[in-house]
Amino acid sequence: MEHMSFGRKLYAIGGNQTASEIAGLKVNLNKNLAYGLCSVLAAFTGVLMASRIGSATPTSGDGMLLSSYAAVFLGKTMFKNGVPNIWGTFVGAAILGILANGLTIMRAPTFLQDVLTGSIIVLAVVVPKLSKETRPA
C-alpha cells in the first residue's frame, strides 16, 4: 500500500474523498478497482476453502472469523504497534496455528481454542495500553 501508486491513491481516498477528487484522482475508478480486487481475493479464498473442506456451503467459513481477526490483530501489535502489516499477520497466524495444533494434540476440548484465541485478543489490546501508561514521559 505504501510503495505503489495505487495504494497511496487508496490511502488518499480513505483519508479525504473530496480532497482526492480536487487533487485529480479518479475516485470512483479507484474505489471500484479496490472493491473488485477484494471480491477476486474473496472468491479465491472461497475456492481454497471449498477444496479444503470438500464441499461448498455458504456457512463453511463461519468458524474462521475469530482466528483470522486474532491473527491480524496480533500482527498489528507484534511488529509495528497499531499498524497492520503482512509479516505481523503471518507470525500471528503461525502462533495461532501452532496453538490450535498443540491443543488438538493434547486432546483439549474444542471450545478451549476459542477461549484462548479470545484471551490473546484481549491481551493484545491491554498490554500495549498498559505499557504506554507505565512509560515515563
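Look a little higher up for the structure.
Residues numbered from 1 in each chain as written. Predicted model: local features only at pLDDT ≥ 70, side-chain atom pairs only at ≥ 80, totals over all residues. Heavy atoms only, no water.

(A) The arrangement of the overall build of the chain in detail. The helix and strand tally for the chain stands at six helices and zero strands. Helices and strands appear in the chain in the N-to-C order α-α-α-α-α-α. Relative to a compact globule of 137 residues, whose C-alpha radius of gyration would be 14 Å, the chain shows 19 Å and is clearly more extended. On the principal axes, the C-alpha backbone points of the chain span a range of 60 × 55 × 20 Å. In the chain, the proportion of contacts linking residues at least 24 apart, taken out of those at least 6 apart, comes to 32%. Summed over its atoms, the accessible surface of the chain is roughly 10200 Å², and 68% of this surface lies on carbon and sulfur atoms. Within the chain, the 5 negative side-chain charges are centred at a point lying 7 Å from the centre of the 11 positive side-chain charges. (Helix = DSSP H or I, 4+ residues; strand = E, 2+ residues; numbered from the N terminus. Rg over C-alpha atoms; globule rule 2.2 N^0.38 Å. Contact = heavy atoms within 4.5 Å. Areas by Shrake-Rupley, 256 points an atom, 1.4 Å probe, with all protein chains shown as cover. Lys, Arg positive; Asp, Glu negative; His and termini not counted. Charge placed at Lys NZ, Arg CZ, Asp CG, Glu CD.)

(B) Region of the structure containing the side chain of Asn-30. Mapped onto the secondary structure, Asn-30 falls in helix α3 (residues 27-53). Taking the relative accessible area as the measure of exposure, Asn-30 reaches 6% and is therefore buried. Among the polar contacts made by the side chain of Asn-30, one reaches the main-chain carbonyl oxygen of Lys-26 at a distance of 3.0 Å. Ignoring sequence-local partners within four residues, the contact set of Asn-30 consists of Phe-6, Lys-9, Leu-10 and Ile-13. (Buried < 20%, exposed > 50% of the residue type's maximum accessible area, 1.4 Å probe, protein only. Polar contact = N/O pair within 3.5 Å; in protein donor to acceptor, adjacent residues only side chain to side chain.)

(C) Broad picture of the packing of aromatic side chains. Going through the model one piece at a time under the given rule, you end up with two aromatic pairs. A centroid spacing of 5.8 Å and a plane angle of 20° characterise the contact between Tyr-69 and Phe-73, whose relative ring orientation is stacked. Of this pair, Tyr-69 and Phe-73 are both found in helix α4 (residues 65-78), four residues apart, which corresponds to roughly one turn of the helix. A relative accessible area of 47% places Tyr-69 in the partly exposed class. Between Trp-87 and Phe-90, the aromatic rings sit 6.3 Å apart at their centres with planes inclined by 85°, giving edge-to-face as the arrangement. Of this pair, Trp-87 and Phe-90 both sit in helix α5 (residues 86-105), three residues apart, which is roughly one turn of that helix. Its relative accessible area of 62% is what places Trp-87 among the exposed residues. (Phe/Tyr/Trp six-rings, centres within 6.5 Å; stacked < 30°, edge-to-face > 60°.)

(D) Molecular detail of the side chain of Thr-117. Its location among the elements puts Thr-117 in helix α6 (residues 110-134). Here Thr-117 is in contact with Leu-66, Ser-67, Ala-70 and Leu-96, once residues within four sequence places are set aside.

(E) How the structure looks around α3. The end-to-end C-alpha distance of α3, which contains 27 residues, comes to 39 Å, matching closely the 39 Å that a straight helix rising 1.5 Å per residue would cover. Along α3, the residues that are buried comprise Val-27, Asn-30, Ala-34 and Met-49. For α3, the elements touching its buried residues are α1 (5-15) and α2 (17-22). Following α3 by one or two positions, Gly-54 has its phi on the positive side, about 95°. (Expected span 1.5 Å × (residues − 1).)

(F) Spotlight on a nonpolar patch on the surface. Taken together, the side chains of Val-122, Val-125, Val-126 and Leu-130 define a hydrophobic patch exposed on the protein surface, amounting to about 310 Å² of accessible area. Position of Val-122 relative to the elements: it lies in helix α6. (Patch = residues over 30% accessible without salt bridge, like charges linked within 9 Å, V, L, I, M, F, W, Y side chains within 5 Å. Salt bridge = Lys/Arg side-chain N within 4 Å of Asp/Glu carboxyl O.)

(G) Broad picture of the packing of α1 against α3. Two numbers describe how α1 lies on α3: the axes approach to 10 Å, and their chain directions differ by 110°. One finds that α1 runs roughly perpendicular with respect to α3. Between α1 and α3 lies a crossing whose hand is left-handed. Residue-level contacts link Phe-6, Lys-9, Leu-10 and Ile-13 of α1 to Val-27, Asn-30, Lys-31, Leu-33 and Ala-34 of α3. (Axes fitted to C-alpha atoms, helices over the stretch in contact; angles between N-to-C directions. Parallel < 35°, antiparallel > 145°, perpendicular 65-115°, else oblique. Left-handed = near helix turned anticlockwise from the far one by under 90°.)

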